[in-house]
Amino acid sequence: MSETQVERAPVPFRFVRLALAVIAVYAVLMIATPPNLARSAFALAALFATGYCTLSLLLGRTVRLTPAELLAFTTGLMIAGIAAAALAASALGVPFGDWVVAAVGLGVGTVASIR
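A brief look at the structure comes next. (Residues numbered from 1 in each chain as written. Predicted model: local features only at pLDDT ≥ 70, side-chain atom pairs only at ≥ 80, totals over all residues. Heavy atoms only, no water.)

## Topic: helix α1 (residues 16-32)
At step 1: Here α1 contains 17 residues, and its C-alpha end-to-end distance of 24 Å stays within 8% of the 24 Å for a straight helix at 1.5 Å per residue.
At step 2: Those residues of α1 that fall on the buried side of the exposure criterion are Val16, Ala19, Leu20, Ile23, Tyr26, Ala27 and Met30. Along α1, the residues classed as buried sweep out an arc of 120 degrees about the axis, all on the same side. In this structure, α1 carries Arg17, Leu18, Val28 and Ala32 as exposed residues pointing more than 90 degrees from its buried face.
At step 3: Elements that come into contact with the buried residues of α1 comprise α2 (37-59) and α4 (98-114). (Helix = DSSP H or I, 4+ residues; strand = E, 2+ residues; numbered from the N terminus. Expected span 1.5 Å × (residues − 1). Buried < 20%, exposed > 50% of the residue type's maximum accessible area, 1.4 Å probe, protein only. Arc of directions from axis to C-beta. Contact = heavy atoms within 4.5 Å.)

## Some words on the packing of aromatic side chains
At step 1: Following the criterion strictly, the structure yields one aromatic pair and no others.
At step 2: Taking the centre distance of 5.6 Å and the plane angle of 70 degrees together, the rings of Phe13 and Tyr52 count as edge-to-face. One end of the pair, Phe13, is in the segment before α1; the other, Tyr52, is in helix α2, and 39 residues separate them in sequence. Neither Phe13 nor Tyr52 differs from the other in exposure class; each is buried. (Phe/Tyr/Trp six-rings, centres within 6.5 Å; stacked < 30°, edge-to-face > 60°.)

## Digging into the packing of α2 against helix α3 (residues 67-91)
At step 1: Orientation of α2 relative to α3, taken along the N-to-C sense of each, is 105 degrees, at an axis distance of 7 Å. By the angle between their axes, α2 is roughly perpendicular relative to α3. Together, Leu47, Phe48, Thr50, Gly51, Tyr52, Thr54, Leu55 and Leu58 of α2 and Leu70, Leu71, Phe73, Thr74, Thr75, Leu77, Met78 and Ile82 of α3 make up the contact between the two elements.
At step 2: Looking at side-chain class alone, the contact of α2 with α3 contains 11 nonpolar, five polar and no charged residues. (Axes fitted to C-alpha atoms, helices over the stretch in contact; angles between N-to-C directions. Parallel < 35°, antiparallel > 145°, perpendicular 65-115°, else oblique. Nonpolar A, V, L, I, M, F, W, Y, C, P; charged D, E, K, R; others polar.)

## Remarks on the environment of Ile114
At step 1: For Ile114, the position within the fold is in helix α4.
At step 2: In this structure the C-alpha to C-alpha distance between Ile114 and Arg17, which are 97 residues apart in sequence, comes to 9.2 Å.

This is the structure:
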(Lines give C-alpha, C1' and ligand atoms only; values in the text may rest on other atoms or scores of the structure.)
Protein backbone atom coordinates (compact mmCIF):
# COMPACT_ATOMS: atom_id res chain seq x y z
CA MET A 1 0.00 0.00 0.00
CA SER A 2 1.43 3.37 -0.94
CA GLU A 3 1.55 6.29 1.42
CA THR A 4 -1.04 8.27 -0.54
CA GLN A 5 -3.79 5.69 -0.12
CA VAL A 6 -6.00 6.07 2.91
CA GLU A 7 -7.20 2.92 4.61
CA ARG A 8 -10.93 3.02 5.26
CA ALA A 9 -12.66 1.37 8.17
CA PRO A 10 -15.12 -1.30 7.03
CA VAL A 11 -18.78 -0.29 7.20
CA PRO A 12 -20.61 -3.51 6.38
CA PHE A 13 -24.08 -2.60 7.68
CA ARG A 14 -24.84 0.94 6.59
CA PHE A 15 -28.58 0.43 6.02
CA VAL A 16 -29.62 -0.41 9.59
CA ARG A 17 -31.50 2.87 10.06
CA LEU A 18 -33.30 2.36 6.75
CA ALA A 19 -34.25 -1.16 7.86
CA LEU A 20 -35.59 0.26 11.13
CA ALA A 21 -37.64 2.80 9.17
CA VAL A 22 -39.15 0.00 7.05
CA ILE A 23 -40.11 -1.91 10.20
CA ALA A 24 -41.64 1.24 11.73
CA VAL A 25 -43.68 1.93 8.58
CA TYR A 26 -44.90 -1.66 8.67
CA ALA A 27 -45.95 -1.28 12.31
CA VAL A 28 -47.96 1.83 11.43
CA LEU A 29 -49.53 0.13 8.40
CA MET A 30 -50.39 -2.89 10.52
CA ILE A 31 -52.35 -0.71 12.93
CA ALA A 32 -53.84 1.80 10.49
CA THR A 33 -54.91 -0.29 7.48
CA PRO A 34 -56.76 -3.52 6.87
CA PRO A 35 -54.84 -6.35 5.20
CA ASN A 36 -54.04 -5.47 1.58
CA LEU A 37 -51.28 -5.88 -1.01
CA ALA A 38 -49.23 -2.88 0.15
CA ARG A 39 -49.30 -4.10 3.73
CA SER A 40 -48.19 -7.56 2.59
CA ALA A 41 -45.29 -6.05 0.65
CA PHE A 42 -44.19 -4.06 3.69
CA ALA A 43 -44.54 -7.20 5.84
CA LEU A 44 -42.09 -9.03 3.58
CA ALA A 45 -39.74 -6.05 3.59
CA ALA A 46 -40.02 -5.85 7.40
CA LEU A 47 -39.11 -9.53 7.68
CA PHE A 48 -35.94 -9.01 5.65
CA ALA A 49 -35.17 -5.83 7.58
CA THR A 50 -35.43 -7.80 10.84
CA GLY A 51 -32.98 -10.38 9.53
CA TYR A 52 -30.60 -7.64 8.36
CA CYS A 53 -30.66 -5.92 11.76
CA THR A 54 -30.13 -9.25 13.54
CA LEU A 55 -27.15 -9.97 11.31
CA SER A 56 -25.68 -6.54 12.07
CA LEU A 57 -26.03 -7.23 15.79
CA LEU A 58 -24.36 -10.62 15.55
CA LEU A 59 -21.45 -9.63 13.33
CA GLY A 60 -20.88 -6.07 14.46
CA ARG A 61 -18.56 -3.93 12.36
CA THR A 62 -15.75 -6.44 11.95
CA VAL A 63 -16.94 -8.71 9.15
CA ARG A 64 -17.52 -7.72 5.53
CA LEU A 65 -19.84 -9.90 3.48
CA THR A 66 -20.46 -10.22 -0.22
CA PRO A 67 -24.00 -9.38 -1.38
CA ALA A 68 -24.81 -13.08 -1.83
CA GLU A 69 -23.62 -13.90 1.69
CA LEU A 70 -25.52 -10.95 3.08
CA LEU A 71 -28.75 -12.09 1.41
CA ALA A 72 -28.29 -15.70 2.52
CA PHE A 73 -27.55 -14.88 6.15
CA THR A 74 -30.30 -12.23 6.28
CA THR A 75 -32.85 -14.74 4.98
CA GLY A 76 -31.72 -17.42 7.43
CA LEU A 77 -31.78 -15.11 10.42
CA MET A 78 -35.13 -13.71 9.34
CA ILE A 79 -36.64 -17.20 9.38
CA ALA A 80 -34.90 -18.25 12.60
CA GLY A 81 -35.68 -15.04 14.49
CA ILE A 82 -39.36 -14.89 13.64
CA ALA A 83 -39.75 -18.65 14.22
CA ALA A 84 -38.21 -18.30 17.67
CA ALA A 85 -40.52 -15.39 18.46
CA ALA A 86 -43.53 -17.39 17.25
CA LEU A 87 -42.51 -20.32 19.44
CA ALA A 88 -42.11 -18.06 22.45
CA ALA A 89 -45.50 -16.43 21.81
CA SER A 90 -47.26 -19.77 21.43
CA ALA A 91 -45.54 -21.14 24.55
CA LEU A 92 -47.00 -18.21 26.47
CA GLY A 93 -50.42 -18.93 25.01
CA VAL A 94 -50.52 -15.79 22.89
CA PRO A 95 -51.70 -16.28 19.31
CA PHE A 96 -49.11 -15.53 16.66
CA GLY A 97 -49.89 -12.58 14.45
CA ASP A 98 -48.42 -9.62 12.64
CA TRP A 99 -47.59 -7.95 15.92
CA VAL A 100 -44.80 -10.48 16.56
CA VAL A 101 -42.97 -9.39 13.41
CA ALA A 102 -43.34 -5.72 14.33
CA ALA A 103 -42.38 -6.20 17.99
CA VAL A 104 -39.31 -8.32 17.29
CA GLY A 105 -38.28 -6.15 14.34
CA LEU A 106 -38.62 -2.87 16.22
CA GLY A 107 -36.70 -4.21 19.20
CA VAL A 108 -33.85 -5.66 17.18
CA GLY A 109 -33.75 -2.71 14.80
CA THR A 110 -33.60 -0.17 17.60
CA VAL A 111 -30.76 -1.95 19.37
CA ALA A 112 -28.90 -2.40 16.08
CA SER A 113 -29.22 1.28 15.17
CA ILE A 114 -28.05 2.41 18.61
CA ARG A 115 -25.05 0.11 18.50
